[in-house]
Amino acid sequence: MEKFLYLFRGGENHAHNANDSEAAAKNMQAWGAWMQDMQQKGILAGGEALQPTGKQVNGTKKVVTDGPFVEAKELVGGFLLINAKDINEAVEISKGCPIFHENGKVEVRPIQKMEM
Amino acid sequence: MSSGKNSDVHKIVDHLFRREAGKMVSVLTRIFGFKNIEQAEDVVQDTILKALEVWKFGKVPENPEAWLYHAAKNKAIDMLRRQQLKYKIDSDISYLLKSEYTLAPALNEMFTENEIKDSQLRMMFACCNASFTQEAQITLILKTLCGLSAKEIGKAFLSNEETIQKRIYRTREKIREENITLDYPGANAMTQRTDAVLKTLYLLFNEGYHSSHPEKLIREDLCEEAMRLCLLLIENPKTNLPQTNALLALMCYHVSRFGARLDDKGLIVLLKDQDRNQWNKILIEKGNEYLNYSAIGKMVHDFHIEAAIASAHANTTSYENTDWKMILNLYDTLLNRTNNPMVAINRAVVLGEAEGCHKAITELEKLKGFTENCYYNTSLAEMYMRVGDKETAKKIFGKALELTSSNAEIELIRRKMKMCS
Amino acid sequence: MEKFLYLFRGTENNAHDMRDNNLSPEDMQAQMQKWMTWMKGLGEKGILVGGEPLQVTGKQVTGTKKVVTDGPFIEAKEIVGGYLIVNAKNIDEAVEISKGCPVLEVDGKIEVRPIQNM
């Protein structure tokens, strides 16, 4: 068993689109169902949704800017931490994510094991 | 590799493992939590088995401790990553174990010298928790900090392996039921809990010193362990109390005589016959130092008195020059404070030196309930021998002979009986 | 108290990828130690919630067709190298706290994002 991170990008930001309450509810339900299923199988290890705002701290001078100002489809909207045998399994599991219905994408990254 | 060399390696390795097992179990239990102590012990067992396997045909690595720690660390990290621990880990450091950013560095840090000492200190307190009986406390310290097996502990206390196993099991259950952790006692409980630890170390030391093992009179290992653990208490300001120093002084004085207690044939040499040039002067000096440090504050602890008695012997150049009256006074004080049978018997022996053997005989025969105690009988017999009643002496020596399984003691008593013929 | 996410983006000198940089073992150890010290500080103050370093490799699953590609193939300095979750009063405090992060010493950057309470 290894740990992987899903970074979610794109898809509709339902939480902040007031006109979309029915679609928003449906979307939340779909996410909830997917995550519950993973939880029951012991796959889910954590995760959070993110607000679309933020700040950025840059470089050695620690310059603070508002942001991140990237295209909506590149903005990280949330993440999940999951358990899977290997990256291919992690990829397969990710395909159950509702974000794909909205043309979003999932970046699948293995957690780095730090050795001594 | 010749078999001679192999057995040398085995000796070094046994000693190393015993010493390091205690340290590693303490550190791993700190990491895993007290409830998971069995798994901590398993990791250490596996590590040692692995070492035996790998070192068998090669040689013992230059830094064997580092090798052991490295192997134990890796196994622990693996278990944490796979979440293989039976009980939830919940300590002040458990958050460090949940992220890859800090998991390996945290484990590295836990295996540094200061942290290893800290973990052992915490383990001492945990083993001497007020919820455990005195027997259980000693058993836990021997098992957990000193690396003894249940079988070895059984032998040390003339009990059997099964009883010890049961005791350990019940204590572990208690740990889980009562959520006992490796946290330090609160500030207001510190002195009381330190006293509990000191008492246990004292009993442990005595076990090594007056060993009931048939094979070896002096279990130097146990004494060494007790001293090592006592030194840990001294090095930490929280536990560096006057009585801690008094206990270490006492142990230094006793151990200073190790070189003189057996002659080159392995036969027992009594105090009055010992070659005082063989006494370890450095240890006596150390004893004096710690006795000095212990002379702080108003509280007199039993250890202060015992250390003073030991000091009186250690700092006297010959048996004949010993200030018996002063020692007798110290024993009188001690006897008022404790009902330890050894104290009463020792006092009677000193009385014999200070005021004559007849008085000693009277005193000893006044004591009730020690007829099955070997030391009581040899002391009494010795007194009869000295007043010239060889027949009675021989009879009582004969009784004593039945009460010991120590080869060295048996041999000594036989020698004495010969002198009575 | 609110929760915030830090997304770390580094440079080629991101010590968390052992294969992809030219740091000596001692330098790597030193970097790891810096992270440990910083995070321990946060942990002792109850600020730290969790976090993980990431391997530089990965895969990407994209769009309605769920196309799987190797990745992330973007500039090294834009790859997310790790994340942390912290407790802070507000985003400005979260930003201040983040300034202690060793990634900035190697000219990396930190994206600070408020976590959505569901």
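Residues numbered from 1 in each chain as written. Chains lettered and ligands numbered in written order. Predicted model: local features only at pLDDT ≥ 70, side-chain atom pairs only at ≥ 80, totals over all residues.

K.L.:
Is there a simple way to explain the overall build of chain B in this structure?
P.N.:
Within chain B one finds 20 helices and zero strands. Based on the C-alpha atoms only, the size of chain B along its principal axes is roughly 80 × 60 × 40 Å. Taken over 421 residues, chain B has a buried fraction of 41%. (Helix = DSSP H or I, 4+ residues; strand = E, 2+ residues; numbered from the N terminus. Buried ≥ 20, exposed ≤ 12 C-beta atoms within 10 Å, placed from the backbone.)

K.L.:
What's the story with the sheet that holds strand E6 (residues 109–114) of chain C in this structure? I'm lost.
P.N.:
Whether parallel or antiparallel, the strands of a sheet pair through hydrogen bonds between backbone atoms. If you walk across this open sheet you meet the six strands as E4(A)-E3(A)-E6(C)-E1(C)-E5(C)-E2(C), and the pairing is antiparallel. Since the sheet does not close on itself, it has two edges, and those belong to strand E4 (63–66) of chain A together with strand E2 (48–53) of chain C, each with one partner. This sheet shows a mean twist of 20° between the axes of neighbouring strands, independent of strand direction. Pairing of strand E1 (residues 2–9) of chain C with strand E5 (residues 80–88) of chain C involves eight bridges; the strand directions are antiparallel. Across the sheet, residue C:Phe4 finds its bridge partner in E5(C), namely C:Val86. Across the face of the sheet, helix H2 (residues 91–98) of chain C comes into contact with strand E3 (55–58) and E4 of chain A together with E1, E5 and E6 of chain C while running at roughly 155° to E6(C). (Pairing = 2+ DSSP bridges. Axes fitted to C-alpha atoms, helices over the stretch in contact; angles between N-to-C directions. Contact = placed C-beta atoms within 7 Å.)

K.L.:
Sorry, what's going on with the interface of chain B and chain A here?
P.N.:
Quoted interface sizes are often the accessible area lost when the parts come together. Contact with chain B, which involves six residues of that partner, is made by seven residues of chain A. Per-element accounting of the side of chain B that touches chain A gives the leading share, three residues, to helix H4 (residues 103–110) of chain B. Looking at the side of chain B that touches chain A, its residues break down into two nonpolar, one polar and three charged. (Nonpolar A, V, L, I, M, F, W, Y, C, P; charged D, E, K, R; others polar.)

K.L.:
What am I meant to see in the interface of chain C and chain A here?
P.N.:
The interface of chain C with chain A comprises 40 residues on the first partner and 37 residues on the second. Those elements giving two or more residues to the side of chain C that touches chain A turn out to be E1, E2, strand E3 (58–62), strand E4 (67–71), E5, H2 and E6 of chain C. With six residues, the single largest contributor to the side of chain C that touches chain A is E6(C). Of the residues in the side of chain C that touches chain A, the class split is 19 nonpolar, twelve polar and nine charged. Pairing of strand E6 (residues 105–110) of chain A with E3(C), which is carried by four bridges, proceeds in the antiparallel orientation. Paired with A:Val106 across the strands is C:Val61, a residue of E3(C).

K.L.:
I would appreciate a short explanation of the pairing of E6(A) in the present structure.
P.N.:
One face of the sheet, then the other: side chains in a regular strand alternate in exactly this way. Among the six residues that make up E6(A), six are buried, leaving the element largely enclosed by the rest of the structure. Both faces of E6(A) are covered, namely the face carrying A:Lys105, A:Glu107 and A:Arg109 and the face carrying A:Val106, A:Val108 and A:Pro110.

K.L.:
I tried to follow the nonpolar core on my own but got confused; where do I start?
P.N.:
Most often, soluble globular proteins have nonpolar side chains that are buried together. Residues A:Tyr6, B:Leu28, B:Met124, B:Ala226, B:Met251 and C:Tyr6 are the most contacted members of the largest nonpolar core, which totals 165 residues. At nine residues, helix H11 (residues 242–255) of chain B tops the list of elements feeding residues into this core. Not counting chain neighbours up to four residues away, the residues in contact with A:Tyr6 comprise A:Phe79, A:Leu80, A:Ile82, A:Ser94, A:Val106 and A:Val108. (Core = buried A, V, L, I, M, F, W, Y, C linked by C-beta atoms within 7 Å.)

K.L.:
Before we go on, may I ask you to explain the confidence of the model for chain C in this structure?
P.N.:
A low pLDDT score tells you not to read the predicted coordinates there in detail. Considering every residue of chain C, the mean pLDDT works out to 86; 88% of them sit at 70 or more. Here the prediction assigns the complex a pTM of 0.85, and the interface score ipTM is 0.89. (pLDDT = per-residue confidence, 0-100.)

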